Amino acid sequence: MTRTLRNAMLGLIAAMGAMGLTATARPAAAQIILKPAYGEASMLGAGKARGAVVWSHGRSVESEDSESPTPLYMKSLRDAGWDVYRMDRMRVSDTLPNSSRALAGYADGLKSKGYRQVVLTGQSFGAFISLMAAGQTDRVDAVIGTAPAAYGNFTEAYDSYRENAAQLWPILRNVRQSRVMLFFFHGDDFDPGGRGDPARSALAQRGLDHLVIDQPALLTGHGAANTGLFVRRFAGCIVRFAEAPTSPKDPPCDDSWGRTPSAELMQAAVPSPASGSATGAADAASPTRPYIGLWYGSYINGREVALAVERAEGDTVYADYVLGAGMEADQPFERVRRKGRIEDGELVFDEKGRNVLRYRLRPDGRVAATWLDKAGKGRLETVLRKVK
């Protein structure tokens, strides 16, 4: 699809959303469905659950976002005793008026079922309709919106993407009584920028309990809320906000995970018995010398990482690569011995049949780290700091 055609379609979608029009005469309700996010077996029921939470996905011009996975952080709400739903919408009838009305109706229905609390969460377009629904019913206790947007991005909808800010303010001012939690991310192509403080002001003027997380460190892009790092840093805060209004006694919203190595990682990162000592491993003039030591960081997928560079023999460098457990059951704690070399000032581990690791010293004394899947199917980047 050409950029011109894509821009025209995005503009048409925005106009349709504003007017409440759909591209089909079929009833919108038949294309907007509430269902358990993790299957019927995961549901506790209104009498036992802490509440019901409904996640709403974004909207894409070229694909059905109803097929997108439920974000990882929603599992934290499920594990905390909430019944987790998702509202799937076919894009042909997915406009702001249609979908927000349907969502408000579902919220009313969940409260009528006996759920003590109803919380709406949403990503991008889903965040917009969640906030709008909270302006149409008094039965929404909280809204949690990540990267709210409904009018395209800077790259493909430059003429309309500023409406992602302009249209947000009246929506916030119309929220009836819900507490509101919003996340804005650095490097989000849908974000015109500068939305944090005006959002706080709009919510404060309404007297609504709120938390606005504006450009948290290391979380970048429109999909930052879908990452493991987002779960590690903010899942606990999200669960607290869903359950009750904020309190001065609450712990910091931004969890310290990833800033200090865990005890498990530190224990595993000590030198291997057969590796020898780093003492005298490289003279001061050796290009390996700056890399000797223990380096620590975390990946965007929510896994700690450490590189223990212990010694060098000529141009050959020996190190332990330690990877913390991931968010899924198939991502166990790992520790592997690696053999690498210095190549044009970069530390490289590319043994045959293994994932490639590359490290380069930065001017600030930290190390830019890259992990490359051996089959070329994945890439992770992060920055490590020296901790030992």
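Residues numbered from 1 in each chain as written. Predicted model: local features only at pLDDT ≥ 70, side-chain atom pairs only at ≥ 80, totals over all residues. Heavy atoms only, no water.

Novice: Give me the lowdown on the sheet that holds strand β10 (residues 316-323), citing residues and values where you can.
Specialist: Overall, antiparallel pairing links the eight strands, which are arranged β8-β9-β10-β11-β12-β13-β14-β15 in a closed barrel. With direction set aside, neighbouring strand axes in the sheet form an average angle of 30°. Bridge count between strand β11 (residues 334-343) and strand β12 (residues 346-349): three bridges; the pairing is antiparallel. Following the sheet pairing, Arg341 is matched in β12 by Val348. (Pairing = 2+ DSSP bridges. Helix = DSSP H or I, 4+ residues; strand = E, 2+ residues; numbered from the N terminus. Axes fitted to C-alpha atoms, helices over the stretch in contact; angles between N-to-C directions.)

Novice: With reference to specific residues and values, describe the sheet that holds strand β1 (residues 32-36).
Specialist: The strand order β1-β3-β2-β4-β5-β6-β7 describes an open sheet built from seven strands, whose pairing is mixed. Here the strands that pair on one side only, and so sit at the sheet edges, are β1 and β7 (210-214). Going across the sheet, the axis of each strand differs from the next one's by a mean of 15°, ignoring polarity. Pairing of strand β5 (residues 142-146) with strand β6 (residues 179-184), which is carried by five bridges, proceeds in the parallel orientation. Bridge assignment links Gly145 to a residue of β6, and that residue is Leu182. Helix-sheet contacts for helix α3 (residues 96-113) involve β1, β2 (52-56), β3 (83-89) and β4 (118-123), and the interaxial angle to β1 is about 40°. Packed onto the sheet, helix α7 (residues 196-205) meets β6 and β7 and runs at close to 175° relative to β7. (Contact = heavy atoms within 4.5 Å.)

Novice: An account of α3 is needed here, citing residue identities and associated values.
Specialist: Here α3 is 18 residues long and its end C-alpha atoms lie 26 Å apart, about the 26 Å a rise of 1.5 Å per residue gives. Here α3 has its buried residues at Leu96, Pro97, Asn98, Ser99, Ser100, Leu103, Ala104, Ala107, Leu110 and Lys111. The N-cap residue of α3 is Thr95: its side-chain oxygen and the backbone nitrogen of Asn98 are 3.2 Å apart. Positive backbone phi, approximately 110°, marks Gly114, located one or two places after α3. (Expected span 1.5 Å × (residues − 1). Buried < 20%, exposed > 50% of the residue type's maximum accessible area, 1.4 Å probe, protein only. Polar contact = N/O pair within 3.5 Å; in protein donor to acceptor, adjacent residues only side chain to side chain.)

Novice: Explain the pattern of salt bridges to me, using residue names and the numbers behind them.
Specialist: Considering all chains together, one arrives at 26 salt bridges under this definition. For Arg354, the salt bridge is made with Glu351, and the minimal N-O distance between the two is 3.7 Å. According to the relative accessible area criterion, Glu351 is buried, its value standing at 19%. In this structure, Asp364 engages Arg362 in a salt bridge whose closest nitrogen and oxygen atoms are separated by 2.4 Å. By relative accessible area, which is 47% here, Asp364 ends up partly exposed. By relative accessible area, which is 33% here, Arg362 ends up partly exposed. Where salt bridges share partners, they join Arg341, Glu343, Glu346, Asp350, Arg358 and Arg360 into one cluster. (Salt bridge = Lys/Arg side-chain N within 4 Å of Asp/Glu carboxyl O.)

Novice: A description of the state of the cysteines should follow, citing residues and the corresponding values.
Specialist: Counted according to the given criterion, the structure contains one disulfide. The disulfide that involves Cys237 links it to Cys253, with 2.0 Å between the sulfurs. Taking the torsion about the sulfur-sulfur bond, which here is approximately -100°, the covalent link between Cys237 and Cys253 counts as left-handed. Linking Cys237 in helix α8 (residues 228-243) with Cys253 in the loop between α8 and α9 (263-268), this pair joins segments that are 16 residues apart in sequence. The exposure class assigned to Cys237 is buried, which follows from its relative accessible area of 5%. (Disulfide = S-S within 2.5 Å.)

Novice: A description of the nonpolar core should follow, citing residues and the corresponding values.
Specialist: If you look at the biggest cluster of nonpolar residues, it comprises 41 residues, and the most contacted ones within it are Leu96, Tyr115, Leu120, Leu131, Leu172 and Leu182. For this core, the elements supplying multiple residues, two or more each, are β2, β3, α3, β4, α4 (125-133), α6 (168-174), β6 and α7. For this core, the element with the highest residue contribution is α4, accounting for six residues. (Core = buried A, V, L, I, M, F, W, Y, C linked by side-chain atoms within 4.5 Å.)

Novice: Give me the lowdown on the confidence of the model for the chain, citing residues and values where you can.
Specialist: For the chain, per-residue confidence averages 89 on the pLDDT scale, and residues scoring 70 or more make up 88% of the total. Contacts of residues 1-27 to residues separated by more than four positions or lying in other chains number 35 contacts, the stretch itself having pLDDT below 50. Counting interchain partners and residues more than four positions distant, the pLDDT-below-50 stretch residues 273-280 has 10 contacts. (pLDDT = per-residue confidence, 0-100.)

Novice: Report on the pairing of strand β15 (residues 379-386), specifying residues and quantitative values.
Specialist: Sheet topology places strand β8 (residues 293-298) next to β15; two bridges connect them, and they run antiparallel. For Trp295, the partnering residue across the bridge sits in β15 and is Lys386. With six bridges connecting them, strand β14 (residues 367-372) and β15 associate as antiparallel partners. Across the sheet, Thr370 pairs through a bridge with Glu381, a residue of β15. In textbook terms, the turn of a hairpin is the stretch between consecutive antiparallel strands, and for β14 and β15 this stretch comprises six residues, one of which, Gly376, has a positive phi near 75°.

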